[in-house]
Amino acid sequence: MLVRPKGTKDMLPEEAYRWQYIEKIARETAEAFAFREIRTPVFEYTELFSRGVGDTSDIVNKEMYTFLDKGNRSITLRPEGTAGVARAFLENGLAGGAMPFKAYYLISAFRYERPQAGRLREFHQFGAELYGADGAYADAEAISLADAFLKNLGLKQVKLRLNSIGCAHCRAKYHEALKNYFAPHLDEMCSDCKARFEKNPMRMLDCKEEGCKRFTAGAPKMLDYLCNDCKTHFGKVKELLGASGIAYEIDPSIVRGLDYYSRTVFEFVTSAAGAQGTVLGGGRYDTLLSEIGGKNVPAVGFAAGMERLLMVMDAENAPFDREKTTDCYLLGMDERSREKAFTLARELRRAGVSAETDLMTRSVKAQFKYADKAGARFVAVLGEAELTEGAAEVKDMKTSSSEKIKFGELAQYLLQRR
Ligand code: ATP
Ligand code: MG
């Protein structure tokens with residue numbers, strides 16, 4: 001038997017309603033903040049990610065699905081959503097339109113990682129981007145959208161962790177301090193950290209190796225090295241969150257996985273769903289757009305992992321919209337009734353009723369069995385007598401009671417009772 005590639009999942013019809021529900025809440029929340037949907041290609045030229053995500057990031061170093069296409073161009077399946085949106089923003093000249101630019105996306109993304117619960121090779125994200133505003137209001141707006149989304153999903157145990165990683169100016173001094181701190185331990189740290197030490201010491205704080213983690217706890221904190229501008233900015237973000245009633249905890253260990261972040265960084269975390277506790281991460285990335293060839297456009301945004309959200313929704317017993325079922329199965333007892341059922345189903349659907357009918361020329365018994373399995377709320381039985389009368393025998397599958405209903409009144413009847 002052929003099987004799906006490692007690290008991928010099938011989303012079967014029986015659970016698709018759960019995805020649809022989260023996607024619906026994502027869209028509604030984003031639209032309430034006047035963010036509009038953007039869709040960009042699933043694959044991009046590799047250079048976009050090596051420049052946009054940054055070549056000291058784990059994503060670019062280890063996790064990308066990169067291949068040469070038949071024209072010998074290096075192509076990469078998107079490992080995240082931001083770089084593609086940023087490229088589309090620049091390429092389509094959107095900086096000349098209404099600013100700030102506010103967009104959201106619902107995408108699948110691809111990373112070559114070791115698959116485990118909450119960590120897949122194809123996974124899904126809801127994300128948002130806000131370009132053109134450099135003040136703290138934009139950071140607070142992005143966090144506020146993320147917070148509203150999680151609250152609208154009914155999640156209660158997800159907590160906001162907040163940090164500032166400063167700007168290029170104040171980070172230089174911080175990198176110095178980190179290097180001084182890590183230098184005596186470097187021999188005992190992993191090879192990735194040795195490389196990070198040279199290129200981007202702050203990334204050492206994000207190392208997942210136990211052997212390295214024991215040193216990171218005592219490391220100098222970026223918050224102690226913020227320049228005055230970064231300090232003021234961070235203070236205002238905190239003030240706006242406070243005024244909005246959004247609770248947060250300062251966490252100096254948050255540096256984020258991508259290279260392009262500056263100033264505000266944040267994660268929404270939970271212990272409710274096992275090891276992969278970060279359901280949503282984001283922050284400010286003022287250098288990203290210039291990095292991929294644009295002018296300086298300040299940016300802030302976030303992305304949430306859908307698979308992890310589903311795990312947390314389950315762990316917290318958060319409610320979903322009901323699973324979709326058929327309002328009415330139209331059962332034809334003979335060929336003529338079957339034909340009538342077929343055309344009647346079309347009329348019902350036009351009136352907004354979900355209806356299905358026999359497509360496999362089954363017996364009455366087999367049709368009832370199917371209607372039951374499919375979870376049909378009502379079964380409308382049509383036979384010779386019903387055709388003459390112009391009315392169907394409608395059985396309520398919950399109560400097993402039935403009533404004769406005129407064909408012309410069937411839609412109304414079902415709409416009132418489903
Ligand atoms: P982690 O530290 O868990 O690897 P990350 O920093 O790589 O996360 P981001 O690039 O910020 O993650 O992506 C945003 C969100 O997307 C994460 O918080 C997580 O919910 C989700 N996510 C990231 N990678 C995966 C994956 N391989 N499988 C499932 N979800 C993922
Ligand atoms: Mg990762």
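As a starting point, this report considers the structure included with it. The model shown is predicted, which means the values in this text are computed figures rather than measured ones.

## Looking at the overall build of the protein
Okay, so step 1: Counting secondary structure elements, the protein contains 15 helices and 16 strands.
Okay, so step 2: Taken over C-alpha atoms, the radius of gyration comes to 27 Å for the protein, far larger than the 22 Å a tight globule of 418 residues would show.
Okay, so step 3: With the C-alpha coordinates aligned to their principal axes, the bounding extent of the protein is approximately 90 × 50 × 40 Å.
Okay, so step 4: For the protein, the proportion of contacts with a sequence separation of at least 24, taken over those separated by at least 6, is 69%.
Okay, so step 5: As displayed, the protein has an accessible area near 20,800 Å², and 50% of this comes from carbon and sulfur atoms.
Okay, so step 6: Seen as two clouds, the 61 positive and the 59 negative side-chain charges of the protein have centres 1 Å apart.

## Digging into the nonpolar core
Okay, so step 1: Residues Tyr 131, Phe 182 and Leu 205 are the most contacted members of the largest nonpolar core, which totals 55 residues.
Okay, so step 2: Apart from residues lying up to four places away in sequence, Phe 182 is in contact with Met 189, Phe 197, Met 204, Leu 205, Phe 215, Thr 216 and Ala 219.
Okay, so step 3: Membership of the second largest hydrophobic core comes to 47 residues, among which are Ala 146, Ala 148, Phe 302 and Val 312.

## Quick look at unusual backbone geometry
Okay, so step 1: The omega angle of the peptide bond from Met 99 to Pro 100 is 0°, so this bond is cis rather than trans.
Okay, so step 2: Along the chain, Pro 100 falls in the loop between helix 4 (82-91) and strand 5 (101-110).
Okay, so step 3: Even without a glycine there, the phi angle at Asn 317 is positive, about 55°.
Okay, so step 4: With respect to the helices and strands, Asn 317 occurs in the loop between helix 11 (306-315) and strand 12 (328-332).

## Overview of the sheet that holds strand 3 (residues 65-68)
Sheet strands pair via backbone hydrogen bonds, and the direction of the pair is either parallel or antiparallel.
Okay, so step 1: Taken in spatial order, the three strands of this open sheet run 2-4-3, and their pairing is antiparallel. Of all strands in the sheet, those with a lone pairing partner are strand 2 (43-45) and strand 3, marking the two edges. Neighbour-to-neighbour, the strand axes of the sheet open up by a mean angle of 30°, direction not taken into account.
Okay, so step 2: As paired strands, strand 3 and strand 4 (residues 74-77) are joined by four bridges and run antiparallel to one another. Bridge pairing in strand 4 places Phe 67 opposite Ile 75.

## Side note on the site of ligand 1
Okay, so step 1: In the vicinity of ligand 1, 15 residues are found, and the nearest of them are Arg 111, Glu 113, Arg 119, Leu 120 and Arg 256.
Okay, so step 2: Arg 111 is positioned such that a nitrogen or oxygen atom in its side chain is 2.8 Å from an oxygen atom of ligand 1.
Okay, so step 3: A distance of 3.1 Å is found between an oxygen atom of ligand 1 and a side-chain nitrogen or oxygen belonging to Gln 125.
Okay, so step 4: At the level of elements, strand 6 (122-131), strand 10 (278-284) and strand 11 (299-305) are the ones that each hand at least two residues to the shell around ligand 1.
Okay, so step 5: Here the shell around ligand 1 gets three residues from one element, more than from any other, and that element is strand 10.
Okay, so step 6: Looking at the shell around ligand 1 residue by residue, the class counts come to five nonpolar, four polar and six charged.

## Thoughts on the sheet that holds strand 5
Okay, so step 1: The mixed open sheet is built from eight strands, whose spatial order is 1-5-6-11-10-9-7-8. Whereas interior strands pair on both sides, the edge strands pair on one side only; in this sheet they are strand 1 (36-37) and strand 8 (249-250).
Okay, so step 2: One ladder, built from six bridges, connects strand 9 (residues 262-269) with strand 10; its direction is antiparallel. Paired with Phe 268 across the strands is Leu 280, a residue of strand 10.

## Examining the pairing of strand 5
Within a regular beta strand, the side chains point alternately toward one face of the sheet and then the other, so they alternate between its two faces.
Okay, so step 1: Among the 10 residues of strand 5, eight are classified as buried, and the element is accordingly described as predominantly covered.
Okay, so step 2: When strand 1 meets strand 5, the two strands line up parallel, connected through two bridges. By the bridge assignment for strand 5, Glu 37 is matched with Tyr 104.
Okay, so step 3: Pairing of strand 5 with strand 6, which is carried by 10 bridges, proceeds in the antiparallel orientation.

## So, the pattern of salt bridges
A side chain of one charge can pair with a side chain of the opposite charge if their charged atoms are brought near each other.
Okay, so step 1: Taken as a whole, this structure holds 31 salt bridges when the rule is applied.
Okay, so step 2: Note that Arg 4 is salt-bridged to Asp 10, the shortest N-O span being 3.0 Å.
Okay, so step 3: For Asp 10, a relative accessible area of 43% corresponds to the partly exposed category.
Okay, so step 4: A salt bridge links Arg 203 to Asp 206, with the shortest nitrogen-to-oxygen separation between them at 3.3 Å.
Okay, so step 5: You can call Arg 203 buried: its relative accessible area is 3%.
Okay, so step 6: Members of the salt-bridge network, linked through shared partners, are Asp 58, Lys 62, Asp 192 and Arg 196.

## Quick word on the packing of helix 1 (residues 13-32) against helix 11
Okay, so step 1: Following both chains from N to C, one finds helix 1 and helix 11 inclined at 105°, their axes separated by 11 Å at the closest point. Considering their axes alone, helix 1 and helix 11 lie roughly perpendicular with respect to each other. Counted together, Arg 18, Trp 19, Tyr 21, Ile 22 and Glu 23 of helix 1 and Met 306, Glu 307, Leu 309, Leu 310, Met 313 and Asp 314 of helix 11 form the full contact between these two elements.
Okay, so step 2: For the contact of helix 1 with helix 11, the residue count by class is seven nonpolar, no polar and four charged.

## Quick word on the side chain of Asp 396
Okay, so step 1: Tracing the backbone through its elements, the reader meets Asp 396 in strand 15 (residues 391-396).
Okay, so step 2: A polar atom in the side chain of Asp 396 sits 2.8 Å from the backbone nitrogen of Lys 398.

## Brief notes about a positive patch on the surface
Okay, so step 1: Residues Arg 362, Lys 365, Lys 369 and Lys 373 make up a contiguous surface patch of positive charge.
Okay, so step 2: The topology assignment puts Arg 362 in the loop between strand 13 (355-357) and helix 13 (364-373).
Okay, so step 3: Overall, Arg 362 belongs to the partly exposed group, its relative accessible area being 30%.

## Considering the environment of Lys 221
Okay, so step 1: Its location among the elements puts Lys 221 in the loop between helix 8 (210-216) and helix 9 (228-243).
Okay, so step 2: Measuring from C-alpha to C-alpha, the distance between Lys 221 and Asp 251 comes to 9.7 Å, with 30 residues separating the pair along the chain.
Okay, so step 3: Contacts of Lys 221, omitting those with residues within four sequence positions, involve Tyr 174 and Pro 252.

Cut-off values and rules
- Residues numbered from 1 in each chain as written.
- Chains lettered and ligands numbered in written order.
- Predicted model: local features only at pLDDT ≥ 70, side-chain atom pairs only at ≥ 80, totals over all residues.
- Heavy atoms only, no water.
- Helix = DSSP H or I, 4+ residues; strand = E, 2+ residues; numbered from the N terminus.
- Rg over C-alpha atoms; globule rule 2.2 N^0.38 Å.
- Contact = heavy atoms within 4.5 Å.
- Areas by Shrake-Rupley, 256 points an atom, 1.4 Å probe, with all protein chains shown as cover.
- Lys, Arg positive; Asp, Glu negative; His and termini not counted.
- Charge placed at Lys NZ, Arg CZ, Asp CG, Glu CD.
- Core = buried A, V, L, I, M, F, W, Y, C linked by side-chain atoms within 4.5 Å.
- Buried < 20%, exposed > 50% of the residue type's maximum accessible area, 1.4 Å probe, protein only.
- Pairing = 2+ DSSP bridges.
- Axes fitted to C-alpha atoms, helices over the stretch in contact; angles between N-to-C directions.
- Near = heavy atom within 4 Å.
- Polar contact = N/O pair within 3.5 Å; in protein donor to acceptor, adjacent residues only side chain to side chain.
- Nonpolar A, V, L, I, M, F, W, Y, C, P; charged D, E, K, R; others polar.
- Salt bridge = Lys/Arg side-chain N within 4 Å of Asp/Glu carboxyl O.
- Parallel < 35°, antiparallel > 145°, perpendicular 65-115°, else oblique.
- Patch = residues over 30% accessible without salt bridge, like charges linked within 9 Å, V, L, I, M, F, W, Y side chains within 5 Å.

Nothing here speaks to function; it is geometry throughout.
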